[in-house]
Amino acid sequence: EEEEEGEEDEGSGVRVTPALLKATTGEFSLESILLLQLRGRGIAHLGCLADCSNLEWLDLSGNAIAGLAPLATLRALAVLNLAGNRVASVEPLRGCRSLRQLNLAGNRLRSLRQLRCLQGLRHLESLRLRDPRADLENPLCAAPAYRASLAAMLPGLKAIDGQRVAGRGSELFRLCRELDAALDARAEPAEPAEPPQPWVQAEFWEARPARRSAVLEEATRQLGQALRECRELGRRADDSIAQARRALGRRHHGDFGF
């Protein structure tokens, strides 16, 4: 049923052609294309995209794509953005052996079973099925524990929906969640309102001994370490983006960001 639905959705819309790719990238040979942005072009057919055999970075977000068959041969593809399309089956992506980051937010995936084909992708680290900021999600996101089930099915993932589940930084997230849970458990039920009290209590200005919390101290330490790592990663990302823009500036001026 999902395949039939996809075929119906592909009845109209823009098709990816060699002329479209050459005009977008400025490349004469499709095999020379490494980065490709086709966001919001009304694309419904991926056409000749399979001929971009060396493609590493692909943004197809905001289109009308249902069938992914041409992507099955893209062995070098590492980053793929399919957010905001009509995808109901990701079976062809099992062939994208180098895939590291995959954005599927805002599609038509109804069950985690449809993602089992991704289990063979050993390099897959980040998978997004929901994006609250863009108001995008899949029907399967209605299940309350889908992230936990997804992490169990794809243990190699380090981030789900933009949240760390493994690797550096994940311990801090878990520690913060445990701290929040502990504070909620200690919260007492609200008591009836008391008569108005003086604005400043008698002992208000007295110094109080600092309350030490091993959990809070550890959270603070890990937060500081995570912030330092983020600043370093941000610096490296800026350098990489600058290098990429200089390399691509001669051929095509555009924004390759997600």
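The structure we're discussing is the one just above.
Described below are features of the structure shown in this document. These figures come from a predicted structure and were not determined experimentally.

**Focus: the packing of aromatic side chains**
Step number 1: Applying the stated rule across the entire model yields 0 aromatic pairs.
Step number 2: If you follow lysine 22 out to its NZ or CZ, it ends over the ring of phenylalanine 28, 4.8 Å from the centre.

**Considerations on the sheet that holds strand 6 (residues 101-103)**
Step number 1: Strand order across the open sheet formed by 7 strands is 2-4-5-6-7-8-9, with mixed pairing between neighbours. The open sheet terminates on both sides in strands that have one partner only, identified here as strand 2 (35-37) and strand 9 (163-164).
Step number 2: By the bridge criterion, 3 bridges tie strand 2 to strand 4 (residues 57-59) in an arrangement that is parallel. Paired with leucine 36 across the two strands is leucine 58, which belongs to strand 4.

**Digging into the pattern of salt bridges**
Step number 1: Within the structure shown, the criterion is met by 10 salt bridges.
Step number 2: One salt bridge in this structure joins arginine 39 and aspartate 59, with 2.9 Å as the shortest N-O distance. Here aspartate 59 lies in strand 4 and arginine 39 lies in the loop between strand 2 and strand 3 (43-45), a separation of 20 residues in the sequence.
Step number 3: Arginine 39 gets classed as partly exposed once you look at its relative accessible area, which sits at 34%.
Step number 4: Taking the relative accessible area as the measure of exposure, aspartate 59 reaches 0% and is therefore buried.
Step number 5: One salt-bridge network, held together by shared partners, links Glu232, Arg235, Arg236 and Asp239.

Parameters at a glance
Residues numbered from 1 in each chain as written. Predicted model: local features only at pLDDT ≥ 70, side-chain atom pairs only at ≥ 80, totals over all residues. Heavy atoms only, no water. Phe/Tyr/Trp six-rings, centres within 6.5 Å; stacked < 30°, edge-to-face > 60°. Lys NZ or Arg CZ within 6 Å of the ring centre and 35° of its normal. Pairing = 2+ DSSP bridges. Helix = DSSP H or I, 4+ residues; strand = E, 2+ residues; numbered from the N terminus. Salt bridge = Lys/Arg side-chain N within 4 Å of Asp/Glu carboxyl O. Buried < 20%, exposed > 50% of the residue type's maximum accessible area, 1.4 Å probe, protein only.

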